[in-house]
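Tertiary structure, described
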Amino acid sequence: MHRRLFPRALAVLVLVATAAAAGTTTATAEAPTPAQTRLNATIDAVLADSRLNGAQAGVVVVDTATGRTLYDRNGTRRLIPASNTKLLTSAAAMELLGPGHRFTTEVSADGPRRAGMLSGDLYLRGGGDPTILAADYDRLAEQVAAAGVRVVAGDLIADDTRYDKGRLGPDWTWDDEPYYYAAQVSALTVAPDTDYDAGTVIVHAAPGSRAGARPKITMTPDNGWLRIDNRAETVADGETTISFEREHGGNTVVVTGQIAVGQAAESDWVTVWEPTGYAADVFRSALRRHGVRVLGRTLLGTATPDTAKPLARHDSMPLADLMVPFLKLSNNGHAEVLTKELGRQLSGSGTWAAGLSAISGYVGDAGVDTGTLRQRDGSGLSRRNLVPPAQFVTLLSAVRAEPWFDTWYAALPVAGNPDRFVGGTLRSRMGGTAAANNVHAKTGSLTGASALSGYVTDADGRLLAFSIVLNNYLTSSVKGLEDQIAIALASYTEKETATARRTVPAAPESPRVPEGRECSWVKPALC
C-alpha cells in the first residue's frame, strides 16, 4: 500500500470496530434512517426525470467521516466520466510530482563564443511548461543578450525531446483537433494568455475603415507560424458572423464572415499544428528584438547535447499554483502534460502509456479498484475512458488524508462563486442555494456524457463525497439534474425538522453552453 494509506486504512478499521463495539445505531443499507430514506427518494425523483429516459445514471454519496454510503445507484457501472478523469490525473500529479514541482525551459549554446559570436548552435530546450508565455520567451532572449551573444553562426534548435512525438491524445476525434480544448501536446509550446491555453493563438478580427474593406486581422502573440487567409468582409451594418477555421494538417487560418464598421473586434482561440515550431518562432522573434541574430535555420526535435553550456532559464509556477487554472477551467492541455511528465519523472519515458501507468499505480494505492476502470488520457477527452462512480468516491475519500489535500480541494471549482478563478466551471451554477460556496467539485462534459464529482458539506456539517455520472442522454444538457442532487446533499440533515421534506430542490438556470463542452471551453469563456 502507499506509504500514507496503510495508517489511514487502519484508522478507518479501528473506527468501524469501535462503533460496532459501542452498539451505535449507525444506519446500514438494511436499516436507513428516516432522513436517509427521504434523501434516497429525492435523488430517485431527480433521476426519474424524462431527460434521462433510456440513459444511464450512476450516483454514489458517502459520508467521509464514517465511510457510510448514503446513496448508491449503479455505483459499480463503468461510465464515460469526461473531465472527471482529471480527478485521477491531478491527485496523482500532486502526490508523485509534488506541489512544488516546476517545469524548466532552458537556452544553451554549443560551440565557442568570442566577441559576441557563437560559433555553433543555440538550443531551446522545453521542459513541458504549459504556462510559458511570449513574455517569458522575451525574458529568455534578454538573458541570452545579457550573456554577450550577438550573433549565432549556427542554427536555432528547438528541443522537445522530453516527451514523445505523440501530439494528440489516444482516441480523440479528428473534428476536435482545430479547437483550443484539443490543442497538440509538446514539451515546448506557448500559451497566449493567463488562462494558459498552451498550443493556441488568439486570432482577432477588427472591422476595416470602410464597408467593403477586409477586416484587420491580428494575433496574440504575434507570430509567423500561423498564416492568415482573410476572406471576411467589413459591412456598413448587420450582425457579426466572423469565423476562424484552421485547416487540418497545416497552419493556415481561414477567416470568413462579416463584421460591421465600428463594431468591437471578434476573437477566437485557434490551435496550432506543431507547437514546437510555434515556440521556436516566438523565441526567434524575441532574440531579434534583443539584438541577437541567428544566421542558420530553425530545426525542430533535436536533443540538446550534454556539452552545451547554459545561457538562460525560465521556471514555471509551482504545481500547487498550476492546479488552479487546470481544475477551475478544466484545461485539457494541462492534464495531458502532467500525464507525460509523470511518465518522464517515474520511468524516464514521456509518453501517455508511462504516465497513465503512474496514475494507475497511485490511485490503486489510494484504494481505487483499478481493475474496474479504464483511463486512456489525462483529461477525459477520450470517449474510451470508463470509470465507475464508486471509484471516484473512493479516491475522494482517500485523498483527504494527503498533506496536499487542502491545496487540491481549494483548486476544485466552487458552486455559485462568481470569481472565475474560484468558481471556475461552477461559478454560474447553484447560486443562491445551500450548495453555493459549499460544493467543491469537478465538472465533466462531452456530447451525451456529463459528470459532477466532489465534496459537499451537509446541513449537519458533515463532509460528503459524491459522484454523479450521466451517459447516453439525448437532450442537450443534464447539468440542472446534477445541480438538483448537489443542492439536496447540501440541505441534507439527520435532524427531524419541519423543513425535512421529500421534495426535489429547484436548481437555478445556468448559461447555455454548446452541447458536449465545458463552459470554460467556449471562448470568450462563459465561466
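The structure under discussion appears in the preceding block.
Here the structure is a predicted model, which is why all the values come from computation and not from measurement. (Residues numbered from 1 in each chain as written. Predicted model: local features only at pLDDT ≥ 70, side-chain atom pairs only at ≥ 80, totals over all residues. Heavy atoms only, no water.)

Remarks on the overall build of the protein chain
- When its secondary structure is counted, the protein chain shows 12 helices and 22 strands.
- Here the C-alpha atoms of the protein chain give a radius of gyration of 26 Å, agreeing with the 24 Å that 2.2 N^0.38 yields for 527 residues.
- Within the protein chain, the proportion of its 527 residues that are buried is 55%.
- Put simply, of all contacts in the protein chain between residues at least 6 apart along the chain, 71% involve residues at least 24 apart. (Helix = DSSP H or I, 4+ residues; strand = E, 2+ residues; numbered from the N terminus. Rg over C-alpha atoms; globule rule 2.2 N^0.38 Å. Buried < 20%, exposed > 50% of the residue type's maximum accessible area, 1.4 Å probe, protein only. Contact = heavy atoms within 4.5 Å.)

What to know about the sheet that holds strand E11 (residues 227-230)
- With mixed pairing, the 3 strands of this open sheet are ordered in space as E11-E14-E13. Where the open sheet ends on each side, the last strands, each with one partner, are E11 and strand E13 (243-246). For this sheet, the mean angle separating the axes of adjacent strands, direction not counted, is 25 degrees.
- As paired strands, E11 and strand E14 (residues 252-256) are joined by 4 bridges and run parallel to one another. Bridging from a neighbouring strand, Arg 227 pairs with Thr 252 of E14. (Pairing = 2+ DSSP bridges. Axes fitted to C-alpha atoms, helices over the stretch in contact; angles between N-to-C directions.)

Remarks on the packing of helix H7 (residues 332-347) against helix H8 (residues 352-365)
- It is at 7 Å that the axes of H7 and H8 come closest, and there the two elements cross at 85 degrees. When the axis of H7 is compared with that of H8, the two are roughly perpendicular. Residues Glu 336, Thr 339, Lys 340, Leu 342, Gly 343, Leu 346 and Ser 347 of H7 touch H8, and the partners they reach there are Trp 352, Ala 354, Gly 355, Leu 356, Ala 358 and Ile 359.
- Split into classes, the residues belonging to the contact of H7 with H8 amount to 7 nonpolar, 4 polar and 2 charged. (Parallel < 35°, antiparallel > 145°, perpendicular 65-115°, else oblique. Nonpolar A, V, L, I, M, F, W, Y, C, P; charged D, E, K, R; others polar.)

Considerations on the environment of Gly 444
- Its location among the elements puts Gly 444 in strand E20 (residues 440-446).
- With relative accessibility at 0%, the residue Gly 444 sits in the buried group.
- Sequence separation between Gly 444 and Pro 81 is 363 residues, and the spatial gap between their C-alpha atoms is 6.7 Å.
- With residues up to four places along the chain from it excluded, the contact list for Gly 444 reads Pro 81, Ala 82, Ser 83, Asn 84, Ala 449, Ser 450, Ala 451, Lys 479 and Glu 518.

Notes on the nonpolar core
- By size, the foremost hydrophobic cluster in this structure holds 48 residues, and its most contacted members are Leu 319, Met 323, Leu 338, Leu 395, Val 399, Trp 408 and Tyr 455.
- Put simply, the parts of the chain that give this core at least two residues each are strand E1 (56-63), helix H3 (85-96), helix H6 (319-328), H7, H8, helix H9 (389-398), helix H10 (405-411) and strand E22 (463-471).
- Excluding its chain neighbours within four sequence positions, the residues that come into contact with Leu 338 are Thr 89, Ala 93, Leu 97, Phe 103, Leu 319, Met 323 and Phe 326.
- One finds Val 152, Ala 158, Phe 283 and Leu 287 within the second-largest nonpolar core, a separate group that totals 41 residues. (Core = buried A, V, L, I, M, F, W, Y, C linked by side-chain atoms within 4.5 Å.)

Remarks on unusual backbone geometry
- Of note, the amide linkage connecting Thr 220 to Pro 221 takes the cis form, showing an omega dihedral of -5 degrees.
- Position of Pro 221 among the secondary structure elements: in the loop between strand E10 (216-220) and E11.
- Even without being a glycine, Asp 171 presents a positive backbone phi close to 75 degrees.
- Relative to the helices and strands, Asp 171 is located in the loop between strand E8 (156-159) and strand E9 (200-206).
- Relative accessible area serves as the criterion here: at 30%, Asp 171 is assigned to the partly exposed category.
- In this structure, Glu 274 is a non-glycine residue whose phi angle is positive, near 75 degrees.

With respect to the packing of aromatic side chains
- Evaluation of the coordinates by the stated rule reveals 9 aromatic pairs.
- Residues Phe 405 and Tyr 455 carry aromatic rings whose centres are separated by 5.6 Å and whose planes lie at 85 degrees to one another, so their mutual orientation is edge-to-face. Placement of Phe 405 in helix H10 and of Tyr 455 in strand E21 (residues 449-457) is noted, with a sequence separation of 50 residues between them.
- Owing to a relative accessible area of 0%, Tyr 455 belongs among the buried residues under this scheme.
- The positively charged end of Lys 340 is found above the aromatic ring belonging to Trp 352, 4.0 Å away from the centroid. (Phe/Tyr/Trp six-rings, centres within 6.5 Å; stacked < 30°, edge-to-face > 60°. Lys NZ or Arg CZ within 6 Å of the ring centre and 35° of its normal.)

Focus on the pairing of E8
- By the alternation rule, side chains of E8 split into Leu 156 and Ala 158 and Ile 157 and Asp 159, which are all buried.
- With 4 bridges connecting them, strand E6 (residues 121-125) and E8 associate as parallel partners. Its bridge partner being in E8, Tyr 123 is matched across the sheet by Ile 157.
- As paired strands, E8 and strand E18 (residues 298-300) are joined by 3 bridges and run parallel to one another. By the bridge assignment for E18, Leu 156 is matched with Thr 298.

Some remarks on H6
- Among the 10 residues in H6, 8 count as buried, and that is most of the element.
- For H6, the full list of buried residues reads Leu 319, Ala 320, Leu 322, Met 323, Pro 325, Phe 326, Leu 327 and Lys 328.
- Buried residues along H6 sit in contact with H3, H7, H10, helix H11 (420-423) and E20.
- Once H6 finishes, Ser 330 follows within two positions and takes phi at roughly 55 degrees, a positive value.

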